[in-house]
Each structure stands twice: as C-alpha cells, then as structure tokens.
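# Coordinates in review
Listed below are the residues making up each chain.
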Amino acid sequence: MRLTRKRLCSFLIALYCLFSLYAAYHVFFGRRRRASAASLQSLRKGAAPVRERRGREQSTLGSEEWNPWEGDEKNEQQHRFKTSFQILNKSTKGKADFRVQIWGKAAIGLYLWEHIFEGLLEPTDVTAQWREGNSIVGRTHYSFITGPAVVPGYFSVDVNNVVLVLNGREKGKVFYATQWLLYAQNLVQTQKLQHLAVVLLGNEHCNNEWINQFLKRNGGFVELLFIIYDSPWINDMDIFQWPLGVATWQPQETNESLKNYQEALLQSDLTLCPVGVNTECYRIYEACSYGSIPVVEDIMTAGSCGNTSVSHNAPLQLLKSMDAPFIFIKNWKELPAVLEKEKTIILQEKIQRRKMLLHWYQRFKTELKMRFTNILESSFLMNNKGEQHRVVERLGSGVRQNLS
C-alpha cells in the first residue's frame, strides 16, 4: 500500500515537472518564434510589391506598347469600379451567351481594353510575346489578345466574332493592316469566322480610302468600322467615331519624365491643347485622366475631315456629343480672358470642377463601353430569333437610363 502511494506521488511530481518545463519553454521561446514568423510574413507581403515595381520599371523602358496611364487616378479607383459594377449589374441579365475576341494589333487597343473596358492583361509583363484578358459586358464575353506573337496564321481561331484593332495612320502601317484584313477575309470565306468589326486609328487627314474595298457596304466583309478622327464617313449605322485616347509611352522616355508629366497635369487647373496635324490629340484625354480642364483649340485642320454640313463641320464631334466639360476657343487671343477668369475662381470651386471632370470622363468611358457592346450585339446577333428587338431597345434607351 505504501509502495503504491509512493509511486503515485512520484508520478505526480514528474508530471508537474514536465508541465512546468513545457510552460517555461513557451513563455521564453514561443514569443520569439511568433515574432520571427510575423516579421517574415510581413517581409513576404512587402517584398512582392517591391519586386513588381522594380520589374515594371525595368521592363517598361524599352517597350512601345507600355501604357503609362494604367493605374492612374488611384484616389478615384474604388468609386470608378463601384459605378461600373452598378451599371453593368443593371444591364446584365443571365450569363453571357455572346462571345467576341478582340485582336489588338495597334496601340489604341490598349486604351480600348485597359481604359474603356477597365480590363486586366496577363502576364503583367508588358514585354511578353503574348498577353490576354477576359471581361463580361452585358450578355457579351470579351477576350482580348495582343503582343508580337499574335501573327496571322499562327494562332487558333476558336470564336465566330472578332474585333480587329488596326493602325492606318501612315503608309507602312496601312500595308501591315492590309495583311491582317486579307487574313481575316480568308477566315470569313472558309467560314472559320462569321462576323468582323474593325477599330481603326485612321489617317489624321481622314484619308482612309484604302479600307473601302473591305467594307461590307462595298462588297467586302467588314460589317462595322469604328474610326478615330472626324471622318466624313461616320453615319452611326455601320461606321462610328471612336476616341483617340491616351498615348503609349515611347522607348526614349524615362520613368522620371513620365512622373514629371503626370505631376504637371495634377498641379495644373488647365491644360492647353493646341491643334497639331489634327485637332484631336492625346493630351486631351491625358488631361482628363488627372482632372485638368483641357483648353482646346476648336478649329478644323487641313485635310478631308469633317463634312459638308455647316452644323457638323467642326472637330471633336464625339466629345462634344457627350457634353465634354472643356474650354473651347477659336483663337489663342482668347486665352488671356480665360486666364483672367481663372483668377476669380476660388480653390474650392476648382477642386469641385476637377472632381466633376473626373466623374464625366469615367461616365464617358463607361457609356462608350456599353455603346460598343450594344452595336456589336445588334449587328452580329440580328439574325437570331428575338434578339434584334431586345438589343435595339437596349441600344435606344438602356444605356442612357443606366447612366442617368
């Protein structure tokens, strides 16, 4: 009996000692391990953005396809996405059942995808040979492909509907664009492709006769043409005006020069936009991206732009039709009066004006996205039973109701 009690006491004493050692270990060593783990975790979280920034800085300097405006207006980003999602949720009913692939073979394709569609591209490395993204607008699923590896005949075509983004600004670009159109023509003739639309960076003098032979109205296969600059062809039936957008950064530019330019826009209440070869220029849209009011020289440039109608023989018809809140002047002699008026505007009013411009610009891009989608659906789906009536109704009233 005594022996049993002695063993029991020894066992309890040994158990108590082990528990004490275990508790002491966690008190003195566990806290240090948790601190080390937390430090390591925070370092890992912080390292990724640093690596990403470094990678972007190193990779973007040599790429003419880099879009420096991606990620701008960070303070407005959450509001922008919220507004877009609200509009899309109102217009989206059921799953997307219409598929369109966009072949981005001109830099303006990046403005369409990253700014108007607010889409992402993978991989994020802008020097990648092949980049792609996906987005759903209304009932349409869009896929976007771009990069040097997107070459006629060297990728599979697994969709019936394609939007081809081309550059036709100069002779060398026209030759390259023609090769793409001939490739698309072969796909249509062999029934591998059913519908084709083109987004074209047109000539700044609006001399785009080379593409006439490919338009469906002239016996070709291009059903819809979205063209930049105030072309006299625009009829809002099969030919539509499209915005020039922001510039892609050139290889000779640096991150420092980009930062200086963006800071200048941020700190400027007004941005002067004199005409060049054409009245429409990248600076207009770049100023809008930062809330700086464009002061636009409102005159027609030499060439074939505009049309014979007196009421429409004026530049920037797309921007004006959407009530762009710019300052338009006919002569730079008007500028001193504009600057004098600026002196009378208090800071709070200027801040509010900047916010209103940012809000307008976001609505401008969102409406273009919905209009683009409605036009494609009303044209490409018009042979499907019951589709034409519903889509035309949305084209006529749906977009503006959502944006009001």
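Our structure's up above, just so we're on the same page.
Attention in this report is confined to the structure presented alongside it. (Residues numbered from 1 in each chain as written. Predicted model: local features only at pLDDT ≥ 70, side-chain atom pairs only at ≥ 80, totals over all residues. Heavy atoms only, no water.)

### So, the sheet that holds strand β5 (residues 195–201)
Rules: Here, any two strands with at least 2 DSSP bridges between them count as paired. Where helices and strands are cited, they refer to DSSP runs of H or I of at least four residues and of E of at least two residues respectively, numbered from the N terminus. Angles shown run from 0 to 180 degrees and are taken between the N-to-C directions of axes, each axis being a line fitted to C-alpha atoms and, for helices, limited to the stretch in contact. In what follows, residue pairs with any heavy atoms lying within 4.5 Å of each other are defined as contacts.
Across the sheet, which stays open at both edges, the 7 strands sit in the order β2-β3-β1-β4-β5-β6-β7 with mixed pairing between neighbours. Looking at the sheet topology across the chains shown, the edges are occupied by β2 (131–137) and β7 (239–242). For this sheet, the mean angle separating the axes of adjacent strands, direction not counted, is 20°. Relative to strand β3 (residues 140–146), β2 runs antiparallel, the two sharing 7 bridges. By the bridge assignment for β3, isoleucine 136 is matched with histidine 141. Set on the sheet, helix α3 (residues 108–116) makes contact with β1 (98–104), β2, β3, β4 (161–167), β5, β6 (224–228) and β7; between it and β5 the angle comes to about 105°. Most of the contacts of helix α4 (residues 171–189) go to β4, to which it runs at about 165°, and overall it touches β1, β4 and β5.

### Comments concerning the packing of helix α6 (residues 282–289) against helix α9 (residues 347–380)
Rules: Throughout, the ten residues Ala, Val, Leu, Ile, Met, Phe, Trp, Tyr, Cys and Pro are labelled nonpolar, Asp, Glu, Lys and Arg are labelled charged, and all others, Gly among them, are labelled polar.
Where α6 meets α9, the axes come as close as 8 Å, and the angle between the chain directions of the two elements is 120°. In this structure, α6 contributes Tyr285, Ala287, Cys288 and Ser289 to the contact, and α9 contributes Leu357, Leu358, Trp360, Tyr361 and Phe364. Classifying every residue of the contact of α6 with α9 gives 8 nonpolar, 1 polar and no charged.

### As for the nonpolar core
Proteins that are soluble and globular tend to have nonpolar side chains buried together. The line we're drawing: For our purposes a nonpolar core is just a set of buried Ala, Val, Leu, Ile, Met, Phe, Trp, Tyr and Cys residues, chained together by side-chain atoms within 4.5 Å. Only protein chains enter the calculation, and the probe is 1.4 Å; a residue is then buried if its accessible area is under 20% of its type maximum, exposed if over 50%, and partly exposed in between.
Residues Phe226, Phe364, Phe372 and Leu376 are the most contacted members of the largest nonpolar core, which totals 59 residues. When residues of this core are assigned to their parent elements, the largest contribution, 10 residues, is made by α9. Setting aside residues up to four positions removed in sequence, leucine 376 forms contacts with Phe98, Val100, Tyr142, Val163, Ala197, Leu224, Phe226 and Leu381. Counting 29 residues, the second-largest nonpolar core is a separate cluster that includes Trp180, Leu215, Val222 and Trp233.

### Re the pattern of salt bridges
Threshold: We define a salt bridge as a side-chain nitrogen of Lys or Arg found within 4 Å of a carboxyl oxygen belonging to Asp or Glu.
Overall, the coordinates contain 10 salt bridges when judged by the stated rule. Among the salt bridges present, the one from aspartate 269 reaches arginine 354, with a minimum N-O distance of 3.9 Å. Placement of aspartate 269 in the loop between α5 (255–267) and β8 (270–273) and of arginine 354 in helix α9 is noted, with a sequence separation of 85 residues between them. Residue aspartate 269 is classed as partly exposed on the basis of its relative accessible area, which comes to 29%. We classify arginine 354 as buried; its relative accessible area is 17%. One salt-bridge network, held together by shared partners, links Asp269, Lys350 and Arg354.

### A few points about the sheet that holds strand β9 (residues 293–297)
Here we have 3 strands laid out as an open sheet, ordered β8-β9-β10, and parallel in their pairing. Either end of the sheet is taken by a strand with one partner, and the two such strands are β8 and β10 (327–329). Each strand axis lies, on average, 20° off the axis of its neighbour in the sheet, ignoring direction. This element, α6, spans β8 and β9 of the sheet and lies at about 170° to β8.

### Focus on α5
This is how the line gets drawn: To estimate the expected span of a helix, subtract one from its residue number and multiply by 1.5 Å. Directions drawn from the helix axis to the C-beta atoms are what define this arc.
With 13 residues, α5 should cover 18 Å at 1.5 Å per step; its first-to-last C-alpha distance of 18 Å lies within 8% of that length. Of all the positions in α5, only Leu258, Gln262 and Leu265 are classed as buried. Here the buried residues of α5 occupy an arc of 55° about the axis, which is enough to place them on one side. Facing away from the buried side of α5 by more than 90 degrees, the exposed set consists of Glu256, Lys259 and Gln267. Taken together, the buried residues of α5 touch β8, α6 and α9.

### Comments concerning the packing of α3 against α9
Axes are the key here: two packed helices are described by the angle between their axes and the distance separating the axes. Going by this rule: Roughly parallel means an angle under 35 degrees; roughly antiparallel, over 145; roughly perpendicular, 65 to 115; everything else is oblique. Handedness of a crossing is defined here by the sense of rotation of the near helix relative to the far one, left-handed for an anticlockwise turn of less than a right angle and right-handed for a clockwise turn.
Between α3 and α9, whose axes approach to 10 Å, the crossing angle comes to 110°. In terms of orientation, α3 and α9 fall into the roughly perpendicular class. Here α3 and α9 pass one another in a crossing that is left-handed. Residues Tyr111, Leu112, His115 and Ile116 of α3 form the contact with α9, whose participating residues are Tyr361, Phe364, Lys365, Leu368, Lys369 and Phe372. Of the residues that constitute the contact of α3 with α9, the class distribution is 7 nonpolar, 1 polar and 2 charged.

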